[in-house]
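The chain contents come next:
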Amino acid sequence: MLNRLSDAMNFQAQALTLRAERQRLLASNIANADTPGYQSKDMDFAKALREATSPATTANSNQTLTQRTQNALQSSLSAMTSMDSNTVDMDRERASFADNTVKYEASLRFLNGSIRTMLDAMKSPNAA
Amino acid sequence: MSMFNIFHISGSAVSAQSQRLNAVASNMANADTVAGPDGQAYKARQVVFQSVLAQNGMDQTDVGVQVVGVQENQTPGRRVHDPSHQLADADGYVTYSNVNSVEEMVNMISASRSYQNNLEVMGTAKSLLLKTLQMGQG
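Not measured: the values here are computed from a predicted model.

**Q** Summarise the overall build of chain B; cite the residues concerned and give the values.
**A** For chain B, the count of helices and strands is two helices and four strands. Computed over its C-alpha atoms, the radius of gyration of chain B comes to 22 Å, more than 25% above the 14 Å expected for a compact globule of 138 residues. For the C-alpha atoms alone, the extent of chain B along its principal axes is close to 80 × 35 × 20 Å. Going through the 138 residues of chain B one by one, you find that 25% of them count as buried. Look at the contacts in chain B between residues 6 or more apart in sequence, and 63% of them connect residues 24 or more apart.

Structure follows, in structure tokens:
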């Protein structure tokens, strides 16, 4: 029965963890903007979230978060090549970082809303 | 895991960029020095960056930066014919350093932009984590 309580929050919780992983990835890209030979990577978020929440993949439910992130990695498209073969495009990385930040906050608020709703439902009504 | 590692990643980037700024400052300070009696003028220095993969093997999303060494620019310094200079060599030439001030200024601007970007990443991660800690309250 407790499953039914946490199932409602499961989707947003998975989204939140994956957003945090993507945040780390983008931070690594920004940190290595000046490193020669560094290939910038991004995560296919939709694919990773789909795999994490689809009921069909119960076999994959043992996949650790790390493995799921690795599966969804892809190289970022780069607008211009540079002489030291560094493919980090600072403008795109910063835009993606800002985008990811807002979506992380959105997930957080939805999760908060779910928690609040459940707490309200659990409170005993004032009128007997 | 999760976002706490961002402090480690961005921290390493900030530290590497400040070493780069140190190198720029040294170069600018020594831009007008001349060769001493041993004939060796100041050579411009550059730091060499390299990615550092996180210690836990297969995790490729945790990539910091480190400075692996300092490279000296081997271009010969500028030679000026000035027999009256007290450090002129036997032919009357004085050898100055090989620092290119314009290049150093560009380097400085690029390093400080990277520094600011990484600071911003750290600040954003910190505020997101603080909000996460308050989940479910109030």
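**Q** Account for the nonpolar core, with residues named and values stated.
**A** Judged by nonpolar contacts, the single largest core of 32 residues is most densely connected at A27(A), I30(A), A31(A), I9(B) and V121(B). Elements supplying a minimum of two residues to this core: α1 (2-31), α2 (45-53) and α4 (90-122) of chain A together with α1 (5-29), β1 (45-53), β2 (63-72) and α2 (101-133) of chain B. Counting residues per element, this core draws most heavily on α1(A), at nine residues. Apart from the residues within four sequence positions on either side, I9(B) is in contact with A27(A), S28(A), A31(A), D62(B), V63(B) and G64(B).

**Q** Describe the interface of chain B and chain A, listing the residues and the values that go with them.
**A** On the chain A side, the residues contacting the 30 residues of chain B number 30 residues. For the side of chain B that touches chain A, the elements supplying multiple residues, two or more each, are α1, β1, β2 and α2 of chain B. Looking at the side of chain B that touches chain A, the element that brings in the most residues is α2(B), giving nine residues. The residue inventory of the side of chain B that touches chain A, partitioned by class, reads 12 nonpolar, 15 polar and three charged.

**Q** Lay out the packing of α1(A) against α2(B) in plain terms, naming residues and giving numbers.
**A** Their axes nearest at 9 Å, the elements α1(A) and α2(B) cross at an angle of 165°. Classified by the angle their axes make, α1(A) and α2(B) are roughly antiparallel. Between α1(A) and α2(B) the crossing geometry is left-handed. Residue-level inspection shows Q23(A), A27(A), I30(A) and A31(A) of α1(A) in contact with α2(B), the latter providing N117(B), N118(B), V121(B) and A125(B).

**Q** For the packing of α1(A) against α4(A), give the residues involved together with the corresponding values.
**A** All names here are of chain A. In the contact formed by α1 and α4, the axes pass within 9 Å of each other and the chain directions differ by 160°. In terms of their interaxial angle, α1 and α4 are classed as roughly antiparallel. For the element pair α1 and α4, the recorded crossing hand is left-handed. In terms of residue class, the contact of α1 with α4 is built from 14 nonpolar, seven polar and four charged.

**Q** Can you tell me about α1(B), naming the residues and giving the values?
**A** With 25 residues, α1(B) extends 36 Å from end C-alpha to end C-alpha; this agrees with the ideal 36 Å at 1.5 Å per step. Listed in full, the buried residues belonging to α1(B) are N5(B), I6(B), I9(B), S10(B), S12(B), A13(B), A16(B), Q17(B), R20(B), A23(B), V24(B) and N27(B). Where α1(B) is buried, its residues contact α1 of chain A together with β1, β2 and α2 of chain B.

**Q** I'd like a rundown of the environment of S124(A), residues and numbers included.
**A** Residue position: S124(A) is located in the segment after α4. Taking the C-beta count within 10 Å as the criterion, S124(A) has 6 such neighbours and is therefore assigned exposed.

What counts, and where the lines are drawn
- Residues numbered from 1 in each chain as written.
- Chains lettered and ligands numbered in written order.
- Predicted model: local features only at pLDDT ≥ 70, side-chain atom pairs only at ≥ 80, totals over all residues.
- Helix = DSSP H or I, 4+ residues; strand = E, 2+ residues; numbered from the N terminus.
- Rg over C-alpha atoms; globule rule 2.2 N^0.38 Å.
- Buried ≥ 20, exposed ≤ 12 C-beta atoms within 10 Å, placed from the backbone.
- Contact = placed C-beta atoms within 7 Å.
- Core = buried A, V, L, I, M, F, W, Y, C linked by C-beta atoms within 7 Å.
- Nonpolar A, V, L, I, M, F, W, Y, C, P; charged D, E, K, R; others polar.
- Axes fitted to C-alpha atoms, helices over the stretch in contact; angles between N-to-C directions.
- Parallel < 35°, antiparallel > 145°, perpendicular 65-115°, else oblique.
- Left-handed = near helix turned anticlockwise from the far one by under 90°.
- Expected span 1.5 Å × (residues − 1).

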